[in-house]
Amino acid sequence: MFVTFEGCEGVGKSTQLTFLKEYLEKTGQKALYIREPGSTDISEQIRKVILDPKNTEMDPITEAMLYAASRIQLVKQVIKPALERGELVICDRYVDSSIAYQGYARNLGADTIKEINAIAIKECMPDITIFIDLKPQDSWRKVQLEDRMEKESRDFHNKVYDGFVEEMKKSGGRIVAVKPDIDKKVTSRKIIEELIKAGAIK
Ligand code: TYD
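Quick look at the structure, then. (Residues numbered from 1 in each chain as written. Predicted model: local features only at pLDDT ≥ 70, side-chain atom pairs only at ≥ 80, totals over all residues. Heavy atoms only, no water.)

**What about the packing of helix H4 (residues 95–105) against helix H8 (residues 154–170)?**
Packing of H4 against H8 brings their axes to within 8 Å, and their N-to-C directions diverge by 125 degrees. Between H4 and H8, the angle falls in the class oblique. The chirality of how H4 crosses H8 is right-handed. Along the contact surface, H4 presents Asp96, Ser97, Ile99, Ala100, Tyr101, Tyr104 and Ala105, while H8 presents Phe156, His157, Lys159, Val160, Gly163, Phe164, Glu166, Glu167 and Lys170. Considering only residue class, the contact of H4 with H8 consists of eight nonpolar, three polar and five charged. (Axes fitted to C-alpha atoms, helices over the stretch in contact; angles between N-to-C directions. Helix = DSSP H or I, 4+ residues; strand = E, 2+ residues; numbered from the N terminus. Parallel < 35°, antiparallel > 145°, perpendicular 65-115°, else oblique. Left-handed = near helix turned anticlockwise from the far one by under 90°. Contact = heavy atoms within 4.5 Å. Nonpolar A, V, L, I, M, F, W, Y, C, P; charged D, E, K, R; others polar.)

**Considerations on the pattern of salt bridges**
Within the structure shown, the criterion is met by 18 salt bridges. Note that Glu44 is salt-bridged to Arg35, the shortest N-O span being 2.8 Å. The exposure class of Glu44 is partly exposed, given its relative accessible area of 26%. The partner of Glu123 in a salt bridge is Lys80, with the nearest N and O atoms 3.6 Å apart. Placement of the pair is Glu123 in helix H6 (residues 118–123) and Lys80 in helix H3 (residues 60–84), with a sequence separation of 43 residues. With a relative accessible area of 27%, Lys80 lands in the partly exposed category. Taken together, the shared-partner salt bridges connect Glu63, Arg106, Arg148 and Glu152 into one network. (Salt bridge = Lys/Arg side-chain N within 4 Å of Asp/Glu carboxyl O. Buried < 20%, exposed > 50% of the residue type's maximum accessible area, 1.4 Å probe, protein only.)

**Side note on the site of the ligand**
Taken together, 15 residues form the shell around the ligand, and within it Glu9, Lys13, Tyr67, Arg93 and Ser98 come nearest. Interatomic distance of 2.7 Å between a side-chain N/O atom of Arg93 and an oxygen atom of the ligand. Look at the ligand: alone it shows 550 Å² of surface, and the protein chains cover 90% of it. Mapped onto the shell around the ligand, the elements with two or more residues apiece are helix H2 (41–51), H3 and H4. For the shell around the ligand, the class distribution of residues is five nonpolar, three polar and seven charged. (Near = heavy atom within 4 Å. Polar contact = N/O pair within 3.5 Å; in protein donor to acceptor, adjacent residues only side chain to side chain. Areas by Shrake-Rupley, 256 points an atom, 1.4 Å probe, with all protein chains shown as cover.)

**Remarks on the sheet that holds strand E4 (residues 128–132)**
What the five strands build is an open sheet, ordered E2-E3-E1-E4-E5; its pairing is parallel. The two strands at the open ends of the sheet, each matched to only one other strand, are strand E2 (32–35) and strand E5 (175–178). Taking the axes of each pair of neighbouring strands and ignoring which way they run, one obtains an average angle of 20 degrees across the sheet. As judged from the four bridges shared by E2 and strand E3 (residues 89–92), these two strands associate in the parallel manner. Each residue of the ladder has a partner; that of Arg35, found in E3, is Asp92. Along the sheet, helix H1 (residues 13–26) contacts strand E1 (2–7), E2, E3 and E4; its crossing angle with E1, the most-contacted strand, is approximately 150 degrees. Strands in contact with H8 are E1, E4 and E5; relative to E4, the strand with the most contacts, it is inclined by about 145 degrees. (Pairing = 2+ DSSP bridges.)

**Some remarks on the side chain of Gln16**
With respect to the helices and strands, the residue Gln16 is situated in helix H1. Look at Gln16 and you get buried, because its relative accessible area is 4%. With near-sequence residues (within four places) excluded, Gln16 lies in contact with Phe5, Ile132, Lys184, Thr187, Ser188 and Ile191.

**Quick look at the pairing of E4**
Counting buried residues along E4, five of its five residues qualify, which places the element largely inside the surrounding structure. Burial along E4 is two-sided: the residues Ile128, Ile130 and Ile132 and Thr129 and Phe131 are all buried. Of the pairings in the sheet, the one linking E1 to E4 comprises five bridges and is parallel in character. Bridged to Glu6 within E4 is Phe131. Judged from the four bridges that link them, E4 and E5 form a sheet pairing that is parallel. Across the sheet, the residue bridging to Phe131 is Ala177, located in E5.

Shape is all these values report; function is a separate question.
Structure follows, in structure tokens:
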């Protein structure tokens, strides 16, 4: 099974991934944990180019293609082989981030992003995607304005949120929204329940 996590900046995605990892370890379930962009040598090099705050002149299409290039390398080198071995793969962000950030917020359109990502989409789509459903204004304070995407405007990040919501509606149930509770453990329980319901974990 292929599980992905999505959401805006600073919504507690990393914390929730850590809680999920703890739960899976405690219950003796193995998984492969990866993040995007990155998780292969080549993808990590591409990540540096994409997120470098100095690269202010980067064209949105270049940006979308770099995310896709990093993703294809990860799909071919890591995700597909792991899924073929029957492993559980858990990825922090995937193609839905490209749709929300480059498709909606950068105004390239969801269809263009799906075209650019056709190989990844064809060969490897998540079985379930957990969308941590928190609006940017509710999580803004936690965001460090360090990398090129974090430094984008509030309006940009609002569009990212709207993009995730739109894609969720079109996903036929694949993207599941989980609204974070003030108690992070409660949020974690909700996520675990959704993953159990989807048959991804026990
Ligand atoms: P990262 O530090 O991993 O962010 P986070 O902890 O919020 O997941 O940086 C990844 C950044 O890249 C983040 O701002 C989201 C953005 N992104 C895209 O714009 N398109 C994509 O396809 C992916 C995977 C990420």
